[in-house]
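These are the residues of each chain, in order.
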Amino acid sequence: MKGSYLVSTEFNDNAFVINVPKIKFGMNISHEVGKDARSLGLKSVLIVVGPRISNSKQFNKILSSLDNAGIKYNIFDRVKTEPDDESLKKGYEDIKGMKIDGFISVGGGSTIDTAKILNLLYRYPRDIMDYINKPIGKGMIPEGELLPHIAIPTTAGTGSETTNVTIFDVEHIHVKTGISNPFIRPSLAIIDPLNTLTMPPKVTASTGLDVLNHAIESYTSHPYTARPPVVSPDERPVYSGSTPIGDLFGLQAIEWVHTYLRRAYADPLDIEARYYMAMAASIAGMGFGHVGVHIPHAMAYPIAGMIKGWHPEDYDFGYPISPHGISTAIPAAYVFRYLSNFVPEKFADVLSALGYDSDGLEPPEIGDAIFDYYMNLLHTLGIPDNLTDLNFTQSDLDKLVEGTLAQQRLLGLSPKKVDKADIELLFREAMGK
């Protein structure tokens, strides 16, 4: 498989692009945000923060840092966990009249993604559907740079602080999708593992599973050289397919999640576990941020968009929700077992990073071992291992398949070309049928 990166013909693309922000990583560095904001030339910012974080000690330290640096700020705390297009449009209407020259986001992936979109709409106002990825939206690219954005994650999962992607629900079609372009990534990511100490156990579990899924999906994506050539370098997609650098990030992230996720879940104050989970989330984000993800994430978007009556522990928001990490992890177990038959050498590497001896295993044995690993991990973390437990039924199958097939940007990165029959089979298995 490594030789596939050396392919260069008139029939394939032969380049990939990595766009990452400046990254500052370390213990107890959130208090430096005031000086960082000033170094970016910011004077009046909008702080986007989740409601739970807005009352925390770490957020007060961030405000004190901004005060000491003479940075003026307004606070936007109406962030919806797993945001949707309607809440984002309402948020833009609330801030469009403000005089701000930058954004600071403090929270998990939903908060950072919300700040990315508010920044996009504030800087270049358009109908949000113009920016949403094709085929659901028009996939338009903004005219230029957005305002500076400092992202301070308080979870270890999405990697949104390092990526050119933002994810949300589109209400009228009940599907999760997103916006991706070279300009939407933050300018600076301040990654302080101590900010993750207050994550509840199920949030730790879900976000950690998201890291694992990012890493495995990016590592097993088809190589960037499998893409057709682009007419212009400007048309090269954000998601390239697997790359040598993405492979390095992906395998290391898998190993760290295997070692530290259970520990972080069992003991929120395990500083070593929190440190390496934050590191894993960041490098997995830098990996999948240019490589991409594939089938589990494509299946997860309609799962999250169609959730009807499930209220997971530690996500008490007054509305049903399927957290992103859980939405990806349930189908991932079934998808990886299936795909192991087609690229066994890649999944053998994954299995080795998960602590198994994969030497001499046949493809079905590799797939079964990864499936068993996922089932055991989900059970340890108290996460459902099938969609029936999330109140999905066979009557939802057609819409789940339809919603997944709409995610061609992701499905096109699968190491095996999949069709409707493949997706339907995987959903039937994920329902336990």
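We now turn to the structure provided with this report.

## Concerning the overall build of the protein chain
Next, step 1: Helix and strand content of the protein chain: 15 helices and eight strands.
Next, step 2: Scaling as 2.2 N^0.38, a compact globule of 433 residues should have a C-alpha radius of gyration of about 22 Å, and the protein chain matches this with 20 Å.
Next, step 3: Along the longest, intermediate and shortest principal axes, the C-alpha atoms of the protein chain span 60 × 50 × 40 Å.
Next, step 4: The contacts of the protein chain with a sequence gap of at least 6 include a subset with a gap of at least 24, amounting to 78%.
Next, step 5: The averaged location of the 51 negative side-chain charges in the protein chain is 7 Å from the averaged location of its 39 positive side-chain charges.

## With respect to the pattern of salt bridges
Next, step 1: Tallied over the full model, the rule gives 19 salt bridges.
Next, step 2: Asp130 is paired through a salt bridge with Arg126; the nearest N and O atoms lie 3.2 Å apart.
Next, step 3: A residue is classified by how much of its surface remains accessible, and Asp130, at 11% relative accessible area, is buried.
Next, step 4: Look at Arg126 and you get partly exposed, because its relative accessible area is 38%.
Next, step 5: Sharing partners across several salt bridges, the network here consists of Asp13, Arg227 and Arg236.

## Topic: the side chain of Thr220
Next, step 1: Tracing the chain through its elements places Thr220 in helix 6 (residues 201–220).
Next, step 2: For Thr220, the side chain forms a polar contact with the side chain of His294, separated by 2.9 Å.
Next, step 3: If we skip the residues at most four places from it in the chain, Thr220 touches His294, Lys346, Phe347, Val350 and Pro415.

## Remarks on the packing of helix 7 (residues 244–266) against helix 8 (residues 271–291)
Next, step 1: At a minimum axis distance of 8 Å, the contact between helix 7 and helix 8 shows a crossing angle of 150°. Between helix 7 and helix 8, the interaxial angle falls into the category roughly antiparallel. Remark: the crossing between helix 7 and helix 8 carries left-handed chirality.
Next, step 2: Of the residues assigned to the contact of helix 7 with helix 8, the class counts are 16 nonpolar, four polar and three charged.

## Here we look at helix 7
Next, step 1: The terminal C-alpha atoms of helix 7 lie 34 Å apart, and with 23 residues this matches the ideal 33 Å at 1.5 Å per residue to within 8%.
Next, step 2: Tyr260 marks where helix 7 bends most, by close to 40°.
Next, step 3: Residues of helix 7 that are buried: Gly246, Asp247, Gly250, Ala253, Ile254, Trp256, Val257, Tyr260, Leu261, Ala264 and Tyr265.
Next, step 4: Lining the buried residues of helix 7 we find helix 6, helix 8, helix 11 (344–353) and helix 12 (363–380).

## Quick word on the environment of Ser65
Next, step 1: Residue position: Ser65 is located in helix 2 (residues 57–68).
Next, step 2: As for Ser65 and Val33, which are separated by 32 residues in sequence, their C-alpha atoms are 6.4 Å apart.
Next, step 3: In this structure, Ser65 is in contact with His31, Glu32, Val33 and Gly34, ignoring residues within four places of it in sequence.

## Examining the packing of aromatic side chains
Next, step 1: Enumeration over the complete set of coordinates arrives at twelve aromatic pairs.
Next, step 2: Pairing Tyr260 with Tyr276 gives two aromatic rings, centres 4.9 Å apart and planes at 10°, and the pair type is stacked. Remark: Tyr276 occurs in helix 8 and Tyr260 occurs in helix 7; sequence separation between them is 16 residues.
Next, step 3: When its relative accessible area of 25% is taken as the criterion, Tyr276 is described as partly exposed.
Next, step 4: For the pair Tyr334 and Phe371, a centre-to-centre distance of 5.2 Å together with 70° between the ring planes defines the contact as edge-to-face. Remark: Phe371 occurs in helix 12 and Tyr334 occurs in helix 10 (residues 324–339); sequence separation between them is 37 residues.
Next, step 5: Members of the aromatic cluster, connected to one another through ring pairs, are Phe25, Trp256, Tyr260, Tyr275 and Tyr276.
Next, step 6: Sitting above the plane of the Tyr219 ring, Lys346 keeps its charged end 4.0 Å from the centroid.
Next, step 7: Just above the ring of Phe342 sits the side chain of Lys416; from NZ or CZ to the centre is 5.4 Å.

## A closer look at helix 4 (residues 109–123)
Next, step 1: Here helix 4 is 15 residues long and its end C-alpha atoms lie 21 Å apart, about the 21 Å a rise of 1.5 Å per residue gives.
Next, step 2: The buried fraction of helix 4 amounts to 14 of the 15 residues, a majority that puts the element mostly inside the structure.

## A few points about the environment of Gln408
Next, step 1: Positionally, Gln408 belongs in helix 14 (residues 408–411).
Next, step 2: On a C-alpha basis, the gap between Gln408 and Pro268 in space is 38 Å, while along the polypeptide they are 140 residues apart.

## Looking at the packing of helix 6 against helix 12
Next, step 1: Across the interface, helix 6 lies against helix 12 with an axial gap of 12 Å and an inter-helix angle of 165°. Judged on the interaxial angle alone, helix 12 and helix 6 are roughly antiparallel. Helix 12 is crossed by helix 6, and the crossing has left-handed handedness. The segment helix 6 lies against helix 12, with Leu209, Leu212, Asn213 and Ile216 engaging Tyr374, Leu377 and Leu378.
Next, step 2: For the contact of helix 6 with helix 12, the per-class residue count stands at six nonpolar, one polar and no charged.

## Observations regarding unusual backbone geometry
Next, step 1: Look at the link from Lys134 to Pro135: it is a cis peptide, with omega at 5°.
Next, step 2: In this model, Asp314 sits at a positive phi of 75°, which is unusual for a non-glycine residue.
Next, step 3: Its location among the elements puts Asp314 in the loop between helix 9 (295–306) and helix 10.
Next, step 4: A residue is classified by how much of its surface remains accessible, and Asp314, at 31% relative accessible area, is partly exposed.
Next, step 5: Backbone geometry at Asn391 places phi at a positive 75°, although glycine is not the residue there.
Next, step 6: A relative accessible area of 41% means that Asn391 is categorised as partly exposed.

## Details of the nonpolar core
One recurring pattern in soluble globular proteins: nonpolar side chains tend to sit buried together.
Next, step 1: With 81 residues, the main nonpolar core has Ile295, Tyr374, Leu387, Phe392 and Phe427 as its most contacted residues.
Next, step 2: Among the elements that take part in this core, helix 10 stands out by supplying ten residues, more than any other.
Next, step 3: Not counting residues within four places of it along the chain, the set of residues in contact with Tyr374 comprises Leu212, Asn213, Ile216, Ala329, Ala332, Ala333 and Phe336.
Next, step 4: Ranked by size, the runner-up nonpolar core spans 27 residues in total, among them Val79, Phe103, Tyr131 and Leu147.

What counts, and where the lines are drawn
Along each chain, numbering runs from 1 in the same order as the chain's sequence is written. Two thresholds apply to this predicted model, a pLDDT of at least 70 for residue-level local features and 80 or more for giving and counting side-chain atom pairs, whereas whole-chain, interface and lining totals are computed over all residues. Side-chain calculation: all heavy atoms of the structure are included, whereas hydrogens and water are not. Secondary structure elements are taken from DSSP: a helix is a run of H or I of four residues or more, a strand is a run of E of two residues or more, and numbering for both begins at the N terminus. Values of the radius of gyration come from C-alpha atoms, whereas the globule rule sets the reference at 2.2 Å times the count of residues to the power 0.38. Residues count as neighbours in contact if any of their non-hydrogen atoms are within 4.5 Å of one another. The charged-residue count follows a simple rule in which Lys and Arg add positive charge and Asp and Glu add negative charge, with His and chain termini not counted at all. Charged groups are reduced to one reference atom each: NZ for lysine, CZ for arginine, CG for aspartic acid, CD for glutamic acid. Salt bridge criterion: a side-chain nitrogen from Lys or Arg within 4 Å of a carboxyl oxygen from Asp or Glu. Relative accessibility under 20% of the residue-type maximum defines a buried residue, over 50% an exposed one, and the middle range a partly exposed one, all with a 1.4 Å probe and only protein chains included. Any pair of N or O atoms that falls within 3.5 Å is considered a polar contact. Within protein, one atom must be able to donate a hydrogen and the other to accept it, and sequence-neighbouring residues count only if both atoms are side-chain atoms. The angle between two axes is taken between their N-to-C directions and runs from 0 to 180 degrees, where each axis is a line fitted to C-alpha atoms and a helix contributes only its stretch in contact. Note that the term roughly parallel is reserved for angles under 35 degrees, roughly antiparallel for angles over 145, roughly perpendicular for angles of 65 to 115, and oblique for everything else. Handedness of a crossing is defined here by the sense of rotation of the near helix relative to the far one, left-handed for an anticlockwise turn of less than a right angle and right-handed for a clockwise turn. Each residue gets one of three labels, nonpolar for Ala, Val, Leu, Ile, Met, Phe, Trp, Tyr, Cys and Pro, charged for Asp, Glu, Lys and Arg, and polar for the others, Gly among them. Each residue after the first adds 1.5 Å to the expected span of a helix. One axis fitted to the seven residues ending at a residue, another fitted to the seven starting there: the angle between these axes is the bend at that residue. Side-chain rings of Phe, Tyr and Trp, where Trp is taken by its six-membered ring, are said to pair if the distance between their centres is within 6.5 Å; with planes under 30 degrees apart they count as stacked, over 60 as edge-to-face, and otherwise as tilted. For a Lys NZ or an Arg CZ to count as sitting over a ring, it must be within 6 Å of the ring centre and within 35 degrees of the ring normal. The definition of a nonpolar core used throughout is a set of buried Ala, Val, Leu, Ile, Met, Phe, Trp, Tyr and Cys residues joined through side-chain atoms within 4.5 Å.

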